[in-house]
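# Tertiary structure, described
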Amino acid sequence: MYNFDFEKPSTIADAVAALATEDAQALGGGQTLLPTMKQRLASPSKIVSLSGISEMQGVCKGDDGSVCIGGATTHATVAASASEYPALAALASNIGDPAVRNRGTIGGSLANNDPAACYPSAALASGATIVTNARQIAADDYFQGMFTTALNEGEIITEVRFPVPEAANYQKFEQPASRFAMVGVFVAKYADGVRVAVTGASEEGVFRWTEAEAALSADFSAHALEGLSVSGEGMINDLHGSGEYRAHLVKVLTKRAVAAC
Amino acid sequence: MTNISMTVNGKTVSGEVEGRTLLVDFLRNDLRLTGTHVGCDTSQCGACTVHVDGVAVKSCTMLAAEADGADVATIEGQAGADGSLNTIQAAFQEHHGLQCGFCTPGMVMAAADLLKNNPKPTEAEIRHHLEGNICRCTGYHNIVKSIMAASGQDVSQLAAE
Ligand SMILES: Cc1cc2nc3c(=O)[nH]c(=O)nc-3n(C[C@H](O)[C@H](O)[C@H](O)COP(=O)(O)OP(=O)(O)OC[C@H]3O[C@@H](n4cnc5c(N)ncnc54)[C@H](O)[C@@H]3O)c2cc1C
Ligand code: FES
Ligand code: FES
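Residues numbered from 1 in each chain as written. Chains lettered and ligands numbered in written order. Predicted model: local features only at pLDDT ≥ 70, side-chain atom pairs only at ≥ 80, totals over all residues. Heavy atoms only, no water.

### A word on the site of ligand 1
Short version of the rule: A molecule or strand has a residue near it when one of that residue's heavy atoms lies within 4 Å. Here a polar contact is taken to be a pair of N or O atoms separated by no more than 3.5 Å, where protein atoms must pair a possible hydrogen donor with a possible acceptor and residues adjacent in sequence count only if both atoms sit in side chains. To measure how exposed things are, a 1.4 Å probe is used in the Shrake-Rupley method; for residues, cover is taken only from the protein chains shown. Put simply, DSSP marks the helices as runs of H or I at least four residues long and the strands as runs of E at least two long, and each gets a number from the N terminus on. Gly falls in the polar group here, along with every residue not listed as nonpolar (Ala, Val, Leu, Ile, Met, Phe, Trp, Tyr, Cys, Pro) or charged (Asp, Glu, Lys, Arg).
Every one of the 32 residues lining ligand 1 counts as a neighbour, but Ala26, Gly29, Leu33, Thr105 and Arg179 of chain A are closest to it. The environment of ligand 1 is shared, with nearby residues belonging to chains A and B. Gly108 of chain A places a polar main-chain atom, nitrogen or oxygen, 3.5 Å from a nitrogen atom of ligand 1. Within the contact set of ligand 1, an oxygen atom lies 2.7 Å away from a backbone nitrogen or oxygen of Arg179 of chain A. Summarising the interface, the protein chains cover 95% of the accessible area of ligand 1, which totals 960 Å² for the free molecule. Of all the secondary structure elements, the ones that give two or more residues to the shell around ligand 1 are β2 (24-27) and α6 (106-112) of chain A. Ranked by the residues each element gives to the shell around ligand 1, the list is headed by α6 of chain A, at 4 residues. In terms of residue class, the shell around ligand 1 is made up of 13 nonpolar, 16 polar and 3 charged.

Given below as structure tokens:
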């Protein structure tokens, strides 16, 4: 890893100012960024740690009843504290392993937008709002393809707001070596309809399976998905599984998620 | 270079580090606490597991500067001052929970992290908790058994020696 200057500000304003330098990069839990830097795939000249910013920590309840999670909150804290949204807490409790969950953060996961990461499916299926130092971004506008998001250079995710559904469930088919999702499906049922988000499958990253949403909004049962099929076209095809296999998993996992709601 | 200080196994320590210095390198190279091992250096194997402010982390994937001011516990601090093994270490010895011993410091620190929050875990809970700790000798059955025994539970029904 190439050397860099290290800063650990204690306020969002100071972090934004520190990130204004060219080649500066934010550090969440470092569970993705540090391995990337060790491989010299990233070589920032300055690292700005977000772990000392107390206003970006923790889980609370918003005025509208939504669950609000600080951008630097670890997966372990979400697993332990997001009891208002059990499916989200369960998702967090199954990311990686305990040591990864003690460092990795929700902001880091959403900023990275790994095509096999868990949180993007929860954010998209919940119609979450990604709050940054500059603006609020709807999940539908935020995810823009594999490792690509609406974030600008130096923009920090300070909070993520999740409207709490009537029922929800996340089904993760683990890739056993990496423990990331080979395919993961998050189903969330709201008063105004059902949302289904799929991670791990598409070459475009997380996506909404709109046919399933329509079918489930009319009839919220695994049976309602019977007639639907998912195409292997545009699905990730790698040594862990073919595109067809992943497409098959999307439907199986969606049914399981609905059945578990 | 920046100056950092932290508590390691109850003692205050300080040193000069580069931004890129990893916590594991500070522990091993600067403090000469070489009980914490580096197996993979890619956050997969858990051999480098230590506790920072009471929770398990992979010290190969944390900057030393991030631990400035923290309370760190490593394998060296687990035994008593007279060298007597703690309950978990004694159980590993008793139940053959190690073969080459390379993964053992990480396994013991992961086990301590588990038992602190869950004093009587089931076998499934132990296995789930050890997902980030790899034993190259593949001695998992006896590692699980050792942790079960350390929690004071009956291990006579567990499979495999
Ligand atoms: C062994 C292992 C297993 C894993 N398994 C899973 C899994 O099953 N599911 C899963 O979803 N993930 C998994 N992960 C990834 C893990 O969840 C990471 O913690 C996460 O992807 C990145 O979060 P971080 O806080 O560590 O971010 P970092 O690594 O610190 O940063 C990642 C990127 O996000 C940027 N960033 C960080 N925080 C912010 C912020 N608040 N605002 C804007 N930008 C920010 C950084 O600049 C960097 O570009 C695994 C990781 C490991 C090492
Ligand atoms: S050396 Fe840190 S996880 Fe393997
Ligand atoms: S005892 Fe040899 S690696 Fe586990």
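### As for helix α2 (residues 87-94) of chain B
Residues and elements named next belong to chain B. For clarity, the threshold we go by: Think of it in three bands: with a 1.4 Å probe and only protein chains considered, a residue is buried below 20% of the maximum accessible area for its type, exposed above 50%, and partly exposed in between. By construction, the arc corresponds to the directions joining the helix axis to the C-beta atoms. The criterion used for residue contact is that any of the two residues' heavy atoms lie within 4.5 Å.
By the burial criterion, the buried members of α2 are Ile88, Gln89, Ala91 and Phe92. When α2 is viewed along its axis, its buried side chains cluster within an angular range of 160 degrees and face the same direction. Those residues of α2 that are exposed and aimed more than 90 degrees away from the buried face are Thr87, Gln93 and Glu94. For α2, the elements touching its buried residues are α3 (104-117) and α5 (140-150).

### With respect to the state of the cysteines
This is how it is decided: In plain terms, two cysteine sulfur atoms within 2.5 Å form what is called a disulfide here.
In the structure shown here, the tally under the stated rule is 0 disulfides over all chains. Among the cysteines around Cys261 of chain A, which has no disulfide bond, Cys118 of chain A carries the closest sulfur, lying 17 Å off.

### Overview of the sheet that holds strand β1 (residues 2-8) of chain B
Residues and elements named next belong to chain B. Put simply, the rule is: A pair of strands is considered paired only if DSSP assigns at least 2 bridges between the two. Only the stretch in contact is used when fitting a helix axis, every axis being a line fitted to C-alpha atoms; angles between N-to-C directions are given from 0 to 180 degrees.
Within the open sheet, the 5 strands sit side by side as β2-β1-β5-β3-β4. Their pairing is mixed. Looking at which strands have only one partner, the edges of the open sheet turn out to be β2 (11-17) and β4 (55-58). Looking at each pair of strands side by side, their axes are set apart by 40 degrees on average, direction ignored. Summarising the sheet, β1 and strand β5 (residues 71-73) pair through 2 bridges and their orientation is parallel. Each bridged residue has a counterpart across the sheet, and for Val8 the counterpart in β5 is Val72. The sheet contacts of helix α1 (residues 23-30) involve β1, β2, β3 (49-52) and β5, and relative to β2 the element is tilted by about 105 degrees. Sheet strands touched by α3: β3, β4 and β5. Its angle to β3, the strand with the most contacts, is close to 40 degrees.

### Thoughts on the environment of Gly70 of chain A
Along the chain, Gly70 of chain A falls in strand β5 (residues 67-70). In sequence terms Gly70 of chain A and Met182 of chain A are 112 residues apart; their C-alpha atoms lie 27 Å from each other.

### Some thoughts on the pattern of salt bridges
As a reminder of what qualifies: Here a salt bridge means any side-chain nitrogen of Lys or Arg lying within 4 Å of a carboxyl oxygen belonging to Asp or Glu.
A full pass over the atoms with the stated rule returns 17 salt bridges over all chains. Lys46 of chain A is paired through a salt bridge with Glu7 of chain A; the nearest N and O atoms lie 3.4 Å apart. Residue Lys46 of chain A is located in strand β3 (residues 46-49), and its partner Glu7 of chain A is located in strand β1 (residues 5-7); the two are separated by 39 residues in the primary sequence. Under the relative-accessibility criterion, Lys46 of chain A is labelled buried at 10%. Glu7 of chain A gets classed as partly exposed once you look at its relative accessible area, which sits at 34%. For the salt bridge of Lys58 of chain B with Asp97 of chain A, the shortest nitrogen-to-oxygen distance reads 2.7 Å. Placement of the pair is Lys58 of chain B in strand β4 and Asp97 of chain A in the loop between α4 (86-92) and α5 (98-103), with the two residues belonging to separate chains. The pair formed by Lys58 of chain B and Asp97 of chain A is uniform in burial state, with each residue classed as buried. Taken together, the salt bridges that share partners define one network made up of Asp140, Arg195, Arg208 and Glu213 of chain A.

### A look at empty space enclosed by the protein
Threshold: Every definition here rests on a 1 Å grid over the protein atoms only: cavities are sets of points where a 1.4 Å probe fits but cannot get out, pockets are open sets enclosed by protein on both sides within 12 Å along at least five of seven lines, and lining residues have some atom within 4 Å of a point. Grid points are joined across faces, edges and corners, and a volume is the space filled by probe spheres set on the points. What counts as a domain boundary in this text is fixed by an automatic or database domain assignment.
The tally for this structure, following the rule as stated, stands at 1 cavity of 30 Å³ or more. Each pocket or cavity is described by its volume, and for the largest cavity that value is around 70 Å³. In terms of lining, the largest cavity is formed by Asp97, Pro98 and Ala99 of chain A together with Thr49, Ala56, Lys58, Ala110, Asp113, His129, Gly132 and Asn133 of chain B. Taken together, the elements giving at least two residues each to the lining of the largest cavity come down to α5 of chain A together with β4 and α3 of chain B. Residues that form the lining of the largest cavity fall into these classes: 4 nonpolar, 4 polar and 3 charged. Counting the residues that make up the lining of the largest cavity, at least three belong to each of domain 1 (2-77) and domain 2 (87-150) of chain B.

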